[in-house]
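# Descriptive structure summary
Here are the chains, one letter per residue:
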Amino acid sequence: MGKTVHIPEPEPVADAVAGSWVDVRAPAWAKPYLRLSRADRPIGAWLLLLPCWWSLPLAIAARPASFRAEDLWIALGCAIGAVLMRGAGCGWNDLSDRNIDAKVERTRSRPLPSGQLTVPQALLWSVLQALLAFALLLTFNGFAIWLGIAALLPVIIYPFAKRFTWWPQLFLGIAFNWGALLAWAAHSGGLAAAPFLLYASGICWTLFYDTIYGHQDRRDDLPIGVRSTSRLFGTNSRLWLGAFAAASVFLMFLALIAAAPAVPWAFVAGSIGIAGFGLHLIWQLRRLDIDDPANCLHLFRVNRNAGLLPAIGFAAAALFS
């Protein structure tokens, strides 16, 4: 009888959530694929989803009579689509950055630079997720479908932005907040001032949280020439982050005004959600230590809670309308 070959368990990625379901429950063969999709780090899917969950209830609050059962599917479809597109986007990002990731302490344990997956395997898995997301998109109206297809352009460009600009976080914001436009269009069949203001608010929010995130890699990025707002702002980061936070809150409040919910309590509910969002960003700023990678990672992750506050406020506004 031949010897039993022992296949070593793939090592967890350095910045994964400790004890994630991927590490604990997923079969060994699936772990590299799930790690490529960041299934062990769900914060990215939340950050992609939340602008959708801001926009949809605000669109309903703007025209209460427009609510229909299909809106529940739009909310769920956006959630599933966010997971799939985040996975596909991360695969594309890692394929583009595999040589850079191998030189950065935090990312060298990712499936591609560590050798857990080959380039063809990663490409196939990313395309499969993108196709599933496209199938979901086809359940929306025609305008939303074309808007969703257009979102591919910033997704494709983003991984290369760090090579030609100090503002790659801006390109991430353009890609990650597209849902503010898409969800509104999926509900209403068109666009208005409010979703564009929400989109701009989300971009400022992304500049806030991803600059914090980038400070983890500041020392590794310097010798290999990777650009980021974290390196650009350096010790002035707190001042810039305060400006991004203020702009995000202000633009979100303008979006609420532009949506013009007719019922006063709906406006109050939305305003409370926005105020909570702003206070959470202030709380993060007060605790930020750009020289402590663990602190930066923690503050980046708690932006899920920050983004949920206006989502809850706008959902309440839709209910009051």
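Residue positions are given per chain, counted from 1 along the sequence in the order it is written. Restriction of local features to residues with pLDDT of at least 70 applies here, the model being predicted, together with a cutoff of 80 or more for giving and counting side-chain atom pairs; totals for whole chains, interfaces and linings are based on all residues. Side-chain measures here rest on the full set of heavy atoms in the structure, leaving out hydrogens and waters.

## Observations regarding the overall build of the protein chain
Stated precisely, the cut-off is as follows: The way it works is that DSSP assigns letters per residue, a run of H or I at least four long becomes a helix, a run of E at least two long becomes a strand, and they are numbered from the N terminus. With the radius of gyration taken over C-alpha atoms, the globule rule is written as 2.2 Å times the number of residues to the power 0.38. Each residue is placed in one exposure class: buried if its accessible area under a 1.4 Å probe, protein chains only, is under 20% of its type's maximum, exposed if it is over 50%, and partly exposed if it falls in between. Here, two residues are considered to be in contact whenever any of their heavy atoms come within 4.5 Å of each other. Surface exposure here means Shrake-Rupley accessible area, sampled with a 1.4 Å probe, where a residue is shielded only by the protein chains that are shown.
The helix and strand inventory of the protein chain stands at 16 helices and 0 strands. Over its C-alpha atoms the protein chain spans a radius of gyration of 20 Å, differing by no more than 12% from the 20 Å that the globule rule assigns to 321 residues. In terms of overall dimensions, the protein chain has a C-alpha envelope of 75 × 50 × 35 Å along the principal axes. Each of the 321 residues in the protein chain was classed as buried or not, and the buried ones make up 53%. By sequence separation, contacts in the protein chain at least 24 residues apart represent 73% of the contacts at least 6 residues apart. Of the roughly 14600 Å² that the protein chain leaves accessible, carbon and sulfur atoms contribute 71%.

## Structural notes on the packing of helix 4 (residues 70–101) against helix 7 (residues 152–164)
Rules: In this analysis an axis means a line fitted to C-alpha atoms, helices contributing only their contacting stretch, and an angle means the value between N-to-C directions, from 0 to 180 degrees. Put simply, angles under 35 degrees are roughly parallel, angles over 145 are roughly antiparallel, angles from 65 to 115 are roughly perpendicular, and the rest are oblique. By definition, turning the near helix anticlockwise from the far helix through less than a right angle yields a left-handed crossing, and turning it clockwise yields a right-handed one. Polarity classes work like this: nonpolar for Ala, Val, Leu, Ile, Met, Phe, Trp, Tyr, Cys and Pro, charged for Asp, Glu, Lys and Arg, and polar for all others, with Gly in that last group.
It is the contact of helix 4 with helix 7, at a shortest axis distance of 10 Å, that shows an interaxial angle of 30°. When the axis of helix 4 is compared with that of helix 7, the two are roughly parallel. Helix-helix and strand crossings are classified by hand; for helix 4 and helix 7 the assignment is right-handed. Residues Met85, Trp92, Asn93, Ser96, Asp97 and Ile100 of helix 4 touch helix 7, and the partners they reach there are Leu152, Val155, Ile156, Tyr158, Pro159, Phe160, Lys162 and Arg163. Residues belonging to the contact of helix 4 with helix 7 are distributed by class as follows: 9 nonpolar, 2 polar and 3 charged.

## Some words on the nonpolar core
Put simply, the rule is: Buried Ala, Val, Leu, Ile, Met, Phe, Trp, Tyr and Cys residues form a nonpolar core when they are joined through side-chain atoms within 4.5 Å.
Within the largest apolar cluster, 65 residues are counted, with the highest numbers of intra-cluster contacts made by Trp54, Leu58, Leu198, Trp205, Phe208 and Phe314. A total of 11 residues in this core trace back to one element, the largest contributor, which is helix 3 (residues 43–62). Apart from the residues within four sequence positions on either side, phenylalanine 314 is in contact with Trp54, Pro57, Leu58, Leu198, Met252, Leu256, Gly270 and Ile274. With 6 residues, the next largest nonpolar core counts Leu36, Leu95, Leu112 and Ala122 among its residues.

## Remarks on the packing of aromatic side chains
Each pair of aromatic rings is reported with the distance of its centres and the angle of its planes. Rules: Think of it this way: a Phe, Tyr or Trp ring, Trp meaning its six-membered ring, pairs with another when their centres are within 6.5 Å, and the plane angle makes it stacked under 30 degrees, edge-to-face over 60, tilted otherwise. For a ring to carry a charge above it, either NZ of a lysine or CZ of an arginine must fall within 6 Å of the ring centroid while also lying within 35 degrees of the normal to the ring plane.
The final tally for this structure, using the stated rule, is 19 aromatic pairs. Aromatic side chains tyrosine 33 and tryptophan 125 sit 5.8 Å apart centroid to centroid with 75° between the ring planes, which places their arrangement in the edge-to-face category. Taken together, the residues tyrosine 33 in helix 2 (residues 31–36) and tryptophan 125 in helix 5 (residues 119–137) connect sequence positions 92 residues apart. Measuring from ring centre to ring centre gives 6.2 Å for tryptophan 46 and tryptophan 53, while their planes differ by 80°; the resulting arrangement is edge-to-face. The aromatic ring of tryptophan 46 is capped on one face by arginine 304, whose charged end is 5.6 Å from the ring centroid.

## Description of unusual backbone geometry
Its identity is not glycine, yet arginine 38 carries a phi of approximately 60°, on the positive side. Along the chain, arginine 38 falls in the loop between helix 2 and helix 3. A positive phi angle, near 50°, is found at alanine 260, a position not held by glycine. The residue alanine 260 is located in the loop between helix 13 (237–259) and helix 14 (264–287) in this model.

## Quick notes on the packing of helix 4 against helix 5
Helix 5 packs onto helix 4 with a crossing angle of 155° between their chain directions and a minimal axis gap of 8 Å. If you check the angle between helix 4 and helix 5, you find them roughly antiparallel. Note on packing geometry: the crossing formed by helix 4 with helix 5 is left-handed. In this structure, helix 4 contributes Trp73, Gly77, Ile80, Gly81, Leu84, Met85, Gly87, Ala88, Gly91, Trp92, Leu95 and Arg98 to the contact, and helix 5 contributes Val119, Ala122, Leu123, Ser126, Gln129, Ala130, Leu132, Ala133 and Leu136. Looking at the contact of helix 4 with helix 5 residue by residue, the class counts come to 14 nonpolar, 6 polar and 1 charged.

## Regarding the environment of alanine 315
Along the chain, alanine 315 falls in helix 16 (residues 303–320). As for alanine 315 and alanine 269, which are separated by 46 residues in sequence, their C-alpha atoms are 8.5 Å apart.

## As for helix 5
Along an α-helix, residues three or four positions apart point the same way, because every turn accommodates 3.6 residues. The condition is simple: Any helix carries an expected span of 1.5 Å times its number of residues minus one.
Taking 1.5 Å of rise per residue, 19 residues should cover 27 Å, and helix 5 covers 27 Å from first to last C-alpha, within 8% of that figure. Contacts made by the buried residues of helix 5 are with helix 2, helix 4, helix 6 (142–150) and helix 9 (179–188).

## Let's talk about the layout of surface pockets
The test is simple: Think of a 1 Å grid over the protein atoms and nothing else: a 1.4 Å probe that fits but is trapped marks a cavity, an open set flanked by protein within 12 Å on at least five of seven lines marks a pocket, and residues with an atom within 4 Å of a point count as lining. Grid points are joined across faces, edges and corners, and a volume is the space filled by probe spheres set on the points.
Looking at the second largest pocket, its volume works out to about 320 Å³. Lining the second largest pocket are 18 residues, with Ser37, Ala39, Ala45, Val83 and Leu84 positioned closest to its centre. Elements with a minimum of two residues in the lining of the second largest pocket: helix 3, helix 4 and helix 5. Looking at the lining of the second largest pocket, its residues break down into 14 nonpolar, 2 polar and 2 charged.

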